[in-house]
Amino acid sequence: MSDIATTDELRRRIAQAQAGVAVLARREPDSSWLASIQRQLEYVDGAARDGATRLDRAEELNFGLLASHYVDDADPALAAELHTISAATRRLFGF
């Protein structure tokens, strides 16, 4: 997928990724890892929506890493998108 240059684009891509993660979560309702990815995406989306320039919990964000371990086998395209979102989050929020 293409690079993400703005928080508006970040929010759009998060919304698309959340839909894919939700599909996986319905297949594996007891997966705490997928639930963690969902919570982290909601946090980043909320910060972007609210116009934040920094993330108070930046050091806790690991959804890109979780995607490598828990999403890649089930949906490689979604895992790649989560990596793109993670990189954009780090760049846009300066960490």
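The structure reproduced in this document is the subject of the present report. Keep in mind that what you see is a predicted model, and the values were worked out from it rather than measured. (Residues numbered from 1 in each chain as written. Predicted model: local features only at pLDDT ≥ 70, side-chain atom pairs only at ≥ 80, totals over all residues. Heavy atoms only, no water.)

## Side note on the overall build of the protein
Link 1 in the chain: What the protein contains, in helices and strands, is 4 helices and 0 strands.
Link 2 in the chain: Taken from N to C terminus, the helices and strands of the protein fall in the order α-α-α-α.
Link 3 in the chain: Projected onto its principal axes, the C-alpha positions of the protein cover 35 × 25 × 20 Å.
Link 4 in the chain: Relative to its 95 residues, the protein shows a buried fraction of 41%.
Link 5 in the chain: Contacts in the protein between residues far apart in sequence, at least 24 positions, make up 63% of those at least 6 positions apart.
Link 6 in the chain: Charged side chains in the protein number 11 positive and 15 negative. The centres of these two groups are separated by 3 Å. (Helix = DSSP H or I, 4+ residues; strand = E, 2+ residues; numbered from the N terminus. Buried < 20%, exposed > 50% of the residue type's maximum accessible area, 1.4 Å probe, protein only. Contact = heavy atoms within 4.5 Å. Lys, Arg positive; Asp, Glu negative; His and termini not counted. Charge placed at Lys NZ, Arg CZ, Asp CG, Glu CD.)

## Here we look at the packing of helix H3 (residues 63–70) against helix H4 (residues 76–92)
Link 1 in the chain: At a closest axis distance of 8 Å, the pairing of H3 and H4 adopts a crossing angle of 165°. As the angle between them shows, H3 and H4 are arranged roughly antiparallel. Note on packing geometry: the crossing formed by H3 with H4 is left-handed. Contacts between H3 and H4 involve Phe-63, Gly-64, Ala-67 and Ser-68 from the former and Ala-79, Leu-82, His-83, Ile-85, Ser-86 and Thr-89 from the latter.
Link 2 in the chain: Considering only residue class, the contact of H3 with H4 consists of 5 nonpolar, 5 polar and no charged. (Axes fitted to C-alpha atoms, helices over the stretch in contact; angles between N-to-C directions. Parallel < 35°, antiparallel > 145°, perpendicular 65-115°, else oblique. Left-handed = near helix turned anticlockwise from the far one by under 90°. Nonpolar A, V, L, I, M, F, W, Y, C, P; charged D, E, K, R; others polar.)

## Looking at helix H2 (residues 32–49)
Link 1 in the chain: The end-to-end C-alpha distance of H2 is 25 Å, a good match for the 26 Å that 18 residues give at a rise of 1.5 Å each.
Link 2 in the chain: Those residues of H2 lying buried are Leu-34, Ser-36, Ile-37, Gln-40, Leu-41, Tyr-43, Val-44, Asp-45, Gly-46, Ala-47 and Ala-48.
Link 3 in the chain: As for H2, its buried residues are in contact with helix H1 (7–27), H3 and H4.
Link 4 in the chain: Immediately beyond the C-terminal end of H2, within one or two residues, lies Gly-51, with a positive phi of roughly 80°. (Expected span 1.5 Å × (residues − 1).)

## Re the pattern of salt bridges
Link 1 in the chain: For the structure on display, the rule yields 7 salt bridges.
Link 2 in the chain: For Glu-9, the salt bridge is made with Arg-13, and the minimal N-O distance between the two is 3.3 Å. Here Glu-9 and its partner Arg-13 are both found in helix H1, 4 residues apart, which amounts to about one turn of the helix.
Link 3 in the chain: Residue classification places Arg-13 among the buried residues on the basis of a relative accessible area of 1%.
Link 4 in the chain: Among the ionic contacts, a cluster of salt bridges with common partners joins Glu-9, Arg-12, Arg-13 and Glu-81. (Salt bridge = Lys/Arg side-chain N within 4 Å of Asp/Glu carboxyl O.)

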